Amino acid sequence: MGLWFRDVITEGTYEGHHTKQVQKGLIIGLVLFIISEVFAFFSVFWAFFHSSLSPAIEIGGVWPPLGITPLDPFSIPLLNTFLLLSSGAFVTYGHHALIAGDRKGAIFGTFITIILAVVFTVLQYIEYSEAGFTIADSVFGTVFFASTGLHGLHVIVGTIFITVGFIRIFNYHLTDTHHIGHESGILYWHFVDVVWLFLFIAVYYWGGN
């Protein structure tokens with residue numbers, strides 16, 4: 001990722017290679033990438049609903065399986081939902097401030113987004129540490145940690161994207177009309193937000209009751 005960021009920044013900021021045609025290609029690449037991510041999460045949700053809608057006799061014929069105490073959706077998960085939705089609002093504010101030429105607003109909105117993302121990741125770690133089951137505990141533990149862990153990985157990657165955008169804003173790399181890299185990171189972050197809403201409703205709330 002570091003080498004890729006380095007090359008893209010060099011080509012777009014210092015060499016002027018990001019023409020309109022190149023930017024169009026980058027947008028298409030991002031769209032295809034997000035589509036592939038949608039199918040990755042679709043497969044995990046498929047596994048979850050396949051097991052939860054018709055629990056097998058091997059797990060007691062109930063969901064959650066016998067012996068599994070699910071997490072309280074109205075504790076850390078609800079707080080994390082608030083944090084992610086707030087981060088989406090702040091990153092959008094920063095984006096609009098960048099377009100409007102408001103440098104301070106762009107820096108502020110992007111910085112708060114990074115802070116909220118880091119707090120989300122820390123709370124996710126705490127949640128995992130205090131969970132009464134592991135990934136090896138029945139199909140419930142497997143699909144829970146596979147889905148939330150995959151999302152957590154995306155949060156970390158998205159945080160890196162937004163952080164790189166923040167550094168570029170701080171270093172005057174981005175303008176109100178030329179910031180496709182940062183905009184791509186923002187779109188990726190909104191995708192992560194939407195996936196979390198599905199996770200909270202399906203896995204934490206419905207799947208834990």
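Quantities reported herein were computed from a predicted structural model and do not represent experimental measurements.

> Please explain the side chain of His95 as it appears in this structure.
Relative to the helices and strands, His95 resides in helix α3 (residues 76-99). Taking the relative accessible area as the measure of exposure, His95 reaches 11% and is therefore buried. With near-sequence residues (within four places) excluded, His95 lies in contact with His179, Glu183 and Ile186.

> Please clarify how a nonpolar patch on the surface should be interpreted in this entry.
Residues Ile27, Ile28, Val31, Leu32, Ile35, Val38, Phe39, Phe42 and Trp46 make up a contiguous nonpolar surface patch of roughly 910 Å² in combined accessible area. Locating Ile27 in the fold gives a position in helix α2 (residues 20-52).

> Sorry, what's going on with α2 here?
Think of an α-helix as 3.6 residues a turn; residues three or four steps apart then line up on the same face. For α2, built from 33 residues, the straight-helix expectation of 48 Å at 1.5 Å per residue is met to within 8% by its first-to-last C-alpha distance of 48 Å. Considering only its buried residues, α2 is in contact with α5 (138-170) and α6 (180-206).

> Would you mind showing me how to read the pattern of salt bridges here?
For side chains of opposite charge, pairing can occur when their charged atoms come near one another. Within the structure shown, the criterion is met by 1 salt bridge. Notably, a salt bridge pairs Asp7 with Arg6, separated by 3.0 Å at the nearest N-O pair. Accessibility expressed as a relative area gives 33% for Asp7, which makes it partly exposed.

> Could you clarify how one ought to interpret the nonpolar core in this entry?
Within soluble globular proteins, side chains that are nonpolar tend to cluster in buried spots. Grouped together as the largest cluster of nonpolar side chains are 46 residues, with contacts concentrated most on Phe133, Phe144, Trp189 and Trp196. Among the secondary structure elements, those contributing two or more residues to this core are α1 (2-14), α2, α3, α4 (103-130), α5 and α6. Ranked by the residues each element gives to this core, the list is headed by α6, at 12 residues. With 5 residues, the next largest nonpolar core counts Ile76, Leu83, Ile112 and Leu116 among its residues.

> Help me understand the environment of Ile9, please; the structure alone is not making it clear to me.
By secondary structure assignment, the location of Ile9 is in helix α1. When the C-alpha atoms of Ile9 and Gly181 are compared, they prove to be 8.6 Å apart, with 172 residues separating the residues in sequence. In this structure Ile9 touches Tyr14, Val164, Arg168 and His173, once residues within four positions along its chain are discounted.

> Explain the packing of α5 against α6 to me, please; I cannot follow it from the model alone.
Two quantities define a packed helix pair, namely the angle between the axes and the distance from one axis to the other. The N-to-C vectors of α5 and α6 enclose an angle of 155°; their axes lie 9 Å apart at closest approach. Our classification of the angle between α5 and α6 gives roughly antiparallel. Between α5 and α6 lies a crossing whose hand is left-handed. When the residues that make up the contact of α5 with α6 are grouped by side-chain class, the tally is 16 nonpolar, 9 polar and no charged.

> How do you make sense of the packing of aromatic side chains when you look at a structure like this?
How two aromatic rings sit relative to each other is set out by the distance from centre to centre and by the angle between their planes. Within the structure shown, the criterion is met by 27 aromatic pairs. Ring geometry for Phe33 and Tyr188: centres 5.9 Å apart, planes at 20°, overall stacked. Highlighted residues: Phe33 in helix α2 and Tyr188 in helix α6, separated in sequence by 155 residues. Assessed through its relative accessible area of 36%, Phe33 is described here as partly exposed. Judged by relative accessible area, Tyr188 falls into the buried class, the value being 3%. Aromatic side chains Phe111 and Phe166 sit 5.9 Å apart centroid to centroid with 40° between the ring planes, which places their arrangement in the tilted category. Of the two residues, Phe111 sits in helix α4 while Phe166 sits in helix α5, which places them 55 residues apart along the sequence. Given a relative accessible area of 17%, Phe166 falls into the buried group. Cluster of aromatic residues (ring-pair linked, three or more members): Phe48, Phe49, Trp63, Phe120, Tyr128, Phe133, Phe140, Phe144, Phe145, Trp196, Tyr204 and Trp206. Lying across the ring of Phe170, Arg103 places its NZ or CZ 5.7 Å from the centre.

The rules behind each value
Residues numbered from 1 in each chain as written. Predicted model: local features only at pLDDT ≥ 70, side-chain atom pairs only at ≥ 80, totals over all residues. Heavy atoms only, no water. Helix = DSSP H or I, 4+ residues; strand = E, 2+ residues; numbered from the N terminus. Buried < 20%, exposed > 50% of the residue type's maximum accessible area, 1.4 Å probe, protein only. Contact = heavy atoms within 4.5 Å. Patch = residues over 30% accessible without salt bridge, like charges linked within 9 Å, V, L, I, M, F, W, Y side chains within 5 Å. Areas by Shrake-Rupley, 256 points an atom, 1.4 Å probe, with all protein chains shown as cover. Salt bridge = Lys/Arg side-chain N within 4 Å of Asp/Glu carboxyl O. Expected span 1.5 Å × (residues − 1). Core = buried A, V, L, I, M, F, W, Y, C linked by side-chain atoms within 4.5 Å. Axes fitted to C-alpha atoms, helices over the stretch in contact; angles between N-to-C directions. Parallel < 35°, antiparallel > 145°, perpendicular 65-115°, else oblique. Left-handed = near helix turned anticlockwise from the far one by under 90°. Nonpolar A, V, L, I, M, F, W, Y, C, P; charged D, E, K, R; others polar. Phe/Tyr/Trp six-rings, centres within 6.5 Å; stacked < 30°, edge-to-face > 60°. Lys NZ or Arg CZ within 6 Å of the ring centre and 35° of its normal.

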